[in-house]
Amino acid sequence: MATMTAAQRRAAERAGFDAYLAECPARQLLDRIGDKWVSLVVNALADGPQRYSDLRRRLAGVSEKMLTQTLRALERDGLLTRTVTPSVPARVDYALTPLGAGLLPLMRSIKTWAEQNMPEVLAARDAYDTRQATPTG
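In this report, the structure presented in the accompanying data block is examined. Since we're looking at a predicted model, the values are computed, not measured.

**Brief notes about the pattern of salt bridges**
Under the definition given, this model contains five salt bridges. Arg32 is the partner of Asp77 in a salt bridge, and the nearest nitrogen-oxygen pair spans 2.6 Å. Here Arg32 lies in helix H2 (residues 25-33) and Asp77 lies in the loop between helix H5 (64-76) and strand E2 (80-85), a separation of 45 residues in the sequence. Accessibility expressed as a relative area gives 23% for Arg32, which makes it partly exposed. Of the charged contacts, one joins Asp54 and Arg57 as a salt bridge, the two residues approaching to 2.6 Å between their closest N and O atoms.

**A short note on H5**
End to end, H5 covers 18 Å across 13 residues, agreeing with the expected 18 Å (1.5 Å per residue, within 8%). Within H5, the full set of buried residues consists of Leu67, Thr70, Leu71, Ala73 and Leu74. Looking straight down H5, one finds its buried side chains confined to an arc of 165°; they lie on one side. Facing away from the buried side of H5 by more than 90 degrees, the exposed set consists of Lys65, Arg72 and Arg76. In the core, the buried residues of H5 are packed alongside H2, helix H3 (36-44), helix H4 (52-58), E2 and strand E3 (91-96). At the exit of H5 stands Gly78, carrying a positive phi of roughly 80°.

**Some remarks on the pairing of E2**
Sheet topology note: the E2/E3 ladder contains six bridges and is antiparallel. When the sheet's bridge partners are listed, Thr81 is paired in E3 with Ala95. Linking E2 back to E3 in an antiparallel pair, the connection comprises five residues.

Thresholds, definitions, all that
- Residues numbered from 1 in each chain as written.
- Predicted model: local features only at pLDDT ≥ 70, side-chain atom pairs only at ≥ 80, totals over all residues.
- Heavy atoms only, no water.
- Salt bridge = Lys/Arg side-chain N within 4 Å of Asp/Glu carboxyl O.
- Helix = DSSP H or I, 4+ residues; strand = E, 2+ residues; numbered from the N terminus.
- Buried < 20%, exposed > 50% of the residue type's maximum accessible area, 1.4 Å probe, protein only.
- Expected span 1.5 Å × (residues − 1).
- Arc of directions from axis to C-beta.
- Contact = heavy atoms within 4.5 Å.
- Pairing = 2+ DSSP bridges.

As structure tokens, this is what we get:
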């Protein structure tokens, strides 16, 4: 990830954000929210706060390392909160912030679109693979 100098940051703030520019922070945010685990975490938190272990069970296939990295990144970006309740063992809950909740309708729509359009996507993949496997000459 390229870092910006203070002068570059000030210039970007004056000019606004343009995700088409490589050094734009909005591009970094698009990279973050485009991640599959981010989408799934945001959708999983739609119904309210959840514990780490509940998220891990719900997100089949996510490693502990990846879930931890994803949660930390979302917390850093202000999209979720991490609340530790002192107990033995300590209880840790994750919840969407208002900013994260604002992202939820978009993430929910993308998830729904993917689920509803999988038959067409699978058919397109099969057709493409068949065309690629057929020698042309």
